[in-house]
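# A structural walkthrough
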Amino acid sequence: MISLKMLIKNTFIVTMDQEKGNIEKGYIYIEDEKIREVGIGEYNEEVKGIKVINGEGYCAMPGLINCHTHASMTLLRGYGEGLPLMKWLNEKIWPMERKFEEKHIKIGTGIACIEMLRSGTTTLNDMYFMMPEVMKGMENFNMRAMLGTTIIGQNWEKQLSDAIDLKEIVKKKNNRGLLTTSFAPHSPYSLSFEALREVAQAAKQYKENIHIHVSETTDELDIVKQKYNMTPVELMVKTGIADNKVTAAHCVHLNNKDIKIIKEKDISVIYNPQSNMKLASGTPRIIEMLDENINVCLGTDGTSSNNNLNMFEEMETGVMLQNLFYKDATRISSEKMLKIATINGAKALGLEKLGVLKEGYFADIIMINLNKPNLIPCHDIYSNIVFSANGSEVEYVIINGKIVMDNGEFVDIDEERILYESNKFFKESI
Ligand SMILES: [Zn+2]
C-alpha cells in the first residue's frame, strides 16, 4: 500500500534532533517522502482518508543505518566456522564465493533485506560483486542503499568499469532516489598502487564516496609495511584515495598519526564491533576517535563474520567492547551510540536530511513496541533501545514516506514464500 500522506499519533518519539529531544506523547505527519511536522500532543488538522498509525505504546525513532555490509553474504552464514582467518578465507569463503552465480546473489540479498528490515535497518552501505543482481534482490523492499561494486586483486580494471556502468544502471532503475552508488576498492593491501590511484581518480571524477576496508588486521599492516614501508592509512593518502569522501570500515589498528590523518581528511570510520570480535581482529580506538570529533558510524559487516545483520545487537556490543577496552563505563553513552547508528551514518554516506526525525527530513522511521517485558520499565529510553531491545520489537517500518512493515507484517512482500524458497534453494545449491 502506498500512502502519500500519513500520520503517526499518540507516540513516544526519539527525534535525535538536538532542539526537540524526546517527545513523551506526540505525532509525526508525513507527506510524500518527507516529514512535514513533528509535534507534541495531538495533531489537529483533518486526517480523513490518510493512513493513521496509532503509536500508543510505541517508540518512533529514525531507521538505523548499517554503514558496512555485504548483504548477499547471507549465503555464507555459519559456513566454515571455527577456522583461523586466513585458512577460513582461502579454503572456505573465497572458493565458495567463486561459485556464486547471479541467482545466488539475488536470493542472498532478499534474505538480507528481510533480516535488516525486521531489525530496524532502513539504509545500508553495501559492498559486493554482481551489484545489478543485488539490485534485483532488493526490488520491492524499498530500502535506501549505497551500492559499491567490490574492486579487488588482478581483475580491477574490469571491476572498475563495472562500477562505472553500475551508476547508469542505478540511474535508470532508481526507485524514487533510494539508491546511490560508491566506489568500493576492497582494501589498500588487496589492490596494486596503480589500481588504488585509478579508483581514487574515478571517485573524484564522479564525485562519489569511496567505501573501503582499512587496517582490519595486523597481517594487513605487515603486507603494506613490507611493500611500501607505510601504514594502510598513509597509503590511502599517497594514492589519492583519502582525497575523496571516504567511509573506512574497521580501522582497528591505527597509530596516532593515522588517527590524525583520518581527522584531517575528514574520513568517516565505520565501527564493526561484532565482526572485529568474532574474527579476533582487535578493538578499534573508537572513544579516542570520538574525542577527536571524527565521524564514527556503525556497521555489521557481512553475515559470515557476525553472523547477522542486526544493528540493535551491534549498538549494544559497540558500547560494551569500548567499556571493556578502556576499562571505563562512562565514556560512551547509549544516546551517543544511537547517534552513531543514525545521524553519523547519514553524514558518512553524504545523505543529508536523514537520521533525524525533523521537519523537512526524509521519513525513514521505525517504531518499536515498548510493551515488551525486556523494555519495562523505561527509566532511560536510550538505554532500553541500545542495551535491552534486540530488534524483534520493531513492528513498523517506513522508508521514504512509504510503509514497508505495518503492525509486524510486510506490506508488499510475501515473506513466508521468500523464506521457504530461499531455504529450499540453499539446500539444493550450496
Ligand atoms: Zn567487510
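Because the structure is predicted, anything quoted here is derived from the model rather than measured.

## Considering the coordination of the zinc ion
- Taken together, the protein donors to the zinc ion comprise His68 (NE2), His70 (NE2), His213 (NE2) and Asp301 (OD), at separations of 2.1 to 2.3 Å.
- One can describe the site at the zinc ion as irregular: its four donor atoms subtend angles covering 87 to 169 degrees at the metal.
- Histidine 68 gets classed as buried once you look at its relative accessible area, which sits at 0%.

## As for the domain arrangement of the protein chain
- Domain annotation of the protein chain identifies domain 1 (5-63 + 354-410) and domain 2 (64-348).
- Just the C-alpha atoms count here: the centres of domain 1 and domain 2 sit 28 Å apart.
- At the junction of the two partners, domain 1 supplies 30 residues and domain 2 supplies 29 residues.
- Summed over both partners, the interface of domain 1 with domain 2 buries about 2,600 Å², with 66% contributed by carbon and sulfur atoms.

## Re helix α5 (residues 193-206)
- With 14 residues, α5 should reach 20 Å at 1.5 Å per residue; the first-to-last C-alpha distance of 20 Å fits that figure.
- When we look at burial in α5, the residues that qualify are Ala195, Leu196, Val199, Ala200, Ala202 and Ala203. Seen along its axis, α5 keeps its buried residues to an arc of 165 degrees; they face one direction. Residues of α5 that are exposed and angled more than 90 degrees away from the buried face: Lys204 and Gln205.
- Considering only its buried residues, α5 is in contact with β8 (144-151), α4 (156-173), β9 (179-185), β10 (210-214) and α7 (232-238).

## Some words on the packing of helix α11 (residues 311-326) against helix α14 (residues 381-388)
- It is the contact of α11 with α14, at a shortest axis distance of 7 Å, that shows an interaxial angle of 100 degrees. By the angle between their directions, the pair α11 and α14 is classed as roughly perpendicular. Residues Phe312, Met315, Glu316, Val319 and Met320 of α11 pack against Ile385, Val386 and Phe387 of α14.
- Residue classes in the contact of α11 with α14 are distributed as seven nonpolar, no polar and one charged.

## A word on the packing of aromatic side chains
- Under the counting rule described, the total for this entry stands at seven aromatic pairs.
- Each ring, one from phenylalanine 193 and one from tyrosine 228, has its centre 6.0 Å from the other, and the planes form 45 degrees; the classification is tilted. Taken together, the residues phenylalanine 193 in helix α5 and tyrosine 228 in helix α6 (residues 218-228) connect sequence positions 35 residues apart.
- Classification of phenylalanine 193 as partly exposed rests on a relative accessible area of 26%.
- On the numbers, 5.1 Å between centres and 85 degrees between planes, the contact of phenylalanine 325 with tyrosine 326 is edge-to-face.
- By relative accessible area, phenylalanine 325 is classed as partly exposed at 38%.
- Each member of the aromatic cluster is reached from another via a ring pair, and the members are Tyr27, Tyr29 and Tyr43.
- Its guanidinium or amino end placed over the ring of phenylalanine 362, lysine 34 lies 5.0 Å from that ring's centre, counting from NZ or CZ.
- Lying across the ring of tyrosine 326, arginine 331 places its NZ or CZ 5.7 Å from the centre.

## Some points on the pattern of salt bridges
- What the rule picks out here adds up to 20 salt bridges.
- For glutamate 91, the salt bridge is made with lysine 87, and the minimal N-O distance between the two is 3.4 Å. With a gap of four residues between them, glutamate 91 and lysine 87 both fall in helix α1 (residues 85-99), about one helical turn apart.
- Here glutamate 91 falls in the partly exposed class, since its relative accessible area comes to 47%.
- For the salt bridge of lysine 372 with glutamate 395, the shortest nitrogen-to-oxygen distance reads 3.8 Å. Note that lysine 372 is positioned in the loop between β14 (365-369) and α14 and glutamate 395 in strand β15 (residues 394-399), a separation of 23 residues in sequence.
- For lysine 372, a relative accessible area of 25% gives the class partly exposed.
- The buried category is assigned to glutamate 395, whose relative accessible area is 13%.

About the criteria used
Residues numbered from 1 in each chain as written. Predicted model: local features only at pLDDT ≥ 70, side-chain atom pairs only at ≥ 80, totals over all residues. Heavy atoms only, no water. Donors = N, O, S within 2.8 Å, 3.2 Å for Na, K, Ca; no water. Tetrahedral: all angles 85-135°; square planar, octahedral: opposite > 155°, others 65-115°. Buried < 20%, exposed > 50% of the residue type's maximum accessible area, 1.4 Å probe, protein only. Domains from an automatic or database assignment. Contact = heavy atoms within 4.5 Å. Buried area = accessible area lost by both parts, 1.4 Å probe. Helix = DSSP H or I, 4+ residues; strand = E, 2+ residues; numbered from the N terminus. Expected span 1.5 Å × (residues − 1). Arc of directions from axis to C-beta. Axes fitted to C-alpha atoms, helices over the stretch in contact; angles between N-to-C directions. Parallel < 35°, antiparallel > 145°, perpendicular 65-115°, else oblique. Nonpolar A, V, L, I, M, F, W, Y, C, P; charged D, E, K, R; others polar. Phe/Tyr/Trp six-rings, centres within 6.5 Å; stacked < 30°, edge-to-face > 60°. Lys NZ or Arg CZ within 6 Å of the ring centre and 35° of its normal. Salt bridge = Lys/Arg side-chain N within 4 Å of Asp/Glu carboxyl O.

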